[in-house]
Amino acid sequence: MKIIHVASEFSPFAKAGGLGDVTFGLARQQVQDGHEVFVILPKYDIIDTSKFESCEIYLQNLWSYEDGVEFHNTVYKATYEGITLFLIEPHHNSYYFNKGLIYGAINDTERFLYFCRVTTDFLNHQKFSGFILNLHDWPTAAIIPLIRFLAPKVNESASSIIFTVHNMEHQGRIHPKFLSRIGLNGADFLTKNKMQDPQSEKLINLLKGAITYSDQIITVSPTYAKEIQTPEYSFGLTSTIEKFRTKLHGILNGIETNTWNPKTDPYLAHHFPANSTYIDDIIAQKKKNKKDLFNKLGLKPKGKGPLIICVSRIASQKGPEMILQAIKTTEKQGGSFILLGSICEPGLQSPFMKAYETYKDNPNVHMCFEFDEELAHQLFASADAIFIPSKFEPCGLTQIISMRYGTVPIGRNTGGLKDTIFDFSKQNATGFIFDKLSASCVDDTLDRVFEIYKHDQTHWKKLMQNGINRDASWAPAAALYEKIYQNCNVEEIKR
Ligand code: ADP
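Everything numeric here is computed off the predicted structure, so don't read it as measured data.

Asks: Would you explain the overall build of the protein chain in this entry?
Replies: For the protein chain, the count of helices and strands is 19 helices and 17 strands. Here the C-alpha radius of gyration of the protein chain, 23 Å, is about what a compact globule of 495 residues would show, namely 23 Å. In terms of overall dimensions, the protein chain has a C-alpha envelope of 65 × 45 × 45 Å along the principal axes. Considering the protein chain as a whole, with its 495 residues, one finds that 59% of them fall into the buried category. In the protein chain, the proportion of contacts linking residues at least 24 apart, taken out of those at least 6 apart, comes to 71%. In the structure as shown, the protein chain presents an accessible area of about 19,800 Å², 49% of it carried by carbon and sulfur atoms. Charge separation in the protein chain, taken as the distance between the mean sites of 53 positive and 54 negative side-chain charges, equals 3 Å.

Structure follows, in structure tokens:
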């Protein structure tokens, strides 16, 4: 199959969160499964092109359009791990992708709508035939109406257009004039059956457009596929999801098992033993990593409690109040806590800075507000447990990565956390699950964690072992994606 992904992130070159892991991991698995795989990505200035196996100019002058003006773009062709990437560099007076970031510019709407328009023009120019087009999240959503209404040849030659929803919260609610800027008449789409936002009738909703005009919709876990059919999780799109329910599928993400491999991880000084699955050998290596980590961060914990980590975007989705609660309780109970979190919402700056001030000289607590890939790997390899109190979690990757690194997940009973963490009280348990986002529920859960960690190491080791034994690879998910691409009988995975 010829598969073309279009995305705003691709790990390790352009990663802000799980989306980057997913586009790379899925594409790489599809290459291994014998497919011809392409990824179209903006050529952000933060991409280090020297890390590609090759990277050269492919098209010098690709013309595209915005607001009545034609702009030219250079397309680079790069290869990485068997994947062919097309990187789009606009020669545009707004320097859309030269801002030192992926998201967070004041004109993100214009930046990604322009990317959608150039990508459509690129597909039109290339005259690919018989390909699967897989788009990811709101930054690529406008490509579907653009193809359906402005690019008849692409529309005809694409065998199927698939839209993967990684997060329903971010929908691209925009004034119709922004759609008009890229060549679609925004006013025409402002109807209930098209792209009108269900909550603000004067706005266009890009995610709704992608759901409406795609052939199939995939979301990233079976539980999230069910949850987004309810008002609590659909962020206003319940009736749209309900209308297109028959084309919705929930497929649990995998992780890229070469990148996330504790036996070879280049960021670690002490690897898990290559030929032993004996848990005590693994624990011995984890202890060495933990010692190095404590030295690196200047921590000197005295208590006998576990090291609990949190590696996360700091956003309301991720249960920020509960993260602060867990730090407080862990410290009080004689454990240590390391938070690695990138603050994504201005309103969360103040409570986390306050907490930073409280704990900055505490030998049991460390808080780092950077995006630090190396530290993330070292945390997964050193910790005893990871805390993930999400309000909603489409899939969540940190619990999947953690289990592979022998770190026990403590997560809220939602989305992909529910699908991957089996509570201590159940058979084949891999961690701890809790229901409520309340301080008392977090404290009760941490009581259970401390109790097992301190007094029942046999069971703790079993949790670790079950997590390590789990198949975290992309292979099962990629097989399901393939079925959907083929539009074959997918009843068994329909939600
Ligand atoms: P989301 O995509 O909602 O941010 P996921 O759990 O699906 O959450 O994926 C998060 C990914 O981003 C993981 O690979 C995690 O290790 C990484 N990550 C999150 N925050 C940071 C950070 N501050 N530094 C380094 N890596 C991070």
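Asks: What is the right way to look at the packing of aromatic side chains in this model?
Replies: Here the distance between the centres and the angle between the planes together describe a pair of aromatic rings. Per the counting criterion, the structure on display carries 35 aromatic pairs. Relative to Tyr485, the ring of Tyr481 lies with its centre 6.0 Å away and its plane at 80 degrees, an arrangement referred to as edge-to-face. Of this pair, Tyr481 and Tyr485 both sit in helix H19 (residues 475–485), separated by four residues, roughly a single helical turn. Here Tyr481 and Tyr485 have matching classes, each one buried. Through successive ring pairs, a cluster of aromatic residues spans Tyr44, Phe71, Tyr96, Phe97, Tyr103, Phe112, Tyr114, Phe115 and Trp138. Sitting over the face of the ring of Tyr76, Lys43 holds its NZ or CZ atom 4.6 Å from the ring centroid. Residue placement shows Lys194 over the ring face of Phe189; its charged tip is 5.6 Å from the ring centre.

Asks: Mind showing me how you'd approach the site of the ligand here?
Replies: Neighbouring the ligand are 21 residues; Gly18, Asp21, Arg313, Lys318 and Glu370 lie closest to it. At 2.7 Å from an oxygen atom of the ligand is found a main-chain nitrogen or oxygen belonging to Gly18. In this structure, a nitrogen atom belonging to the ligand sits 2.9 Å away from a main-chain N or O atom of Glu370. In isolation the ligand exposes 570 Å². Once the protein is present, 93% of that is buried. If you list the elements that add at least two residues to the shell around the ligand, you get helix H1 (18–32), strand E12 (307–314), strand E13 (336–343), helix H14 (373–382) and helix H15 (398–404). Each residue belonging to the shell around the ligand can be placed in one class, and the counts come to eight nonpolar, seven polar and six charged.

What counts, and where the lines are drawn
- Residues numbered from 1 in each chain as written.
- Predicted model: local features only at pLDDT ≥ 70, side-chain atom pairs only at ≥ 80, totals over all residues.
- Heavy atoms only, no water.
- Helix = DSSP H or I, 4+ residues; strand = E, 2+ residues; numbered from the N terminus.
- Rg over C-alpha atoms; globule rule 2.2 N^0.38 Å.
- Buried < 20%, exposed > 50% of the residue type's maximum accessible area, 1.4 Å probe, protein only.
- Contact = heavy atoms within 4.5 Å.
- Areas by Shrake-Rupley, 256 points an atom, 1.4 Å probe, with all protein chains shown as cover.
- Lys, Arg positive; Asp, Glu negative; His and termini not counted.
- Charge placed at Lys NZ, Arg CZ, Asp CG, Glu CD.
- Phe/Tyr/Trp six-rings, centres within 6.5 Å; stacked < 30°, edge-to-face > 60°.
- Lys NZ or Arg CZ within 6 Å of the ring centre and 35° of its normal.
- Near = heavy atom within 4 Å.
- Polar contact = N/O pair within 3.5 Å; in protein donor to acceptor, adjacent residues only side chain to side chain.
- Nonpolar A, V, L, I, M, F, W, Y, C, P; charged D, E, K, R; others polar.

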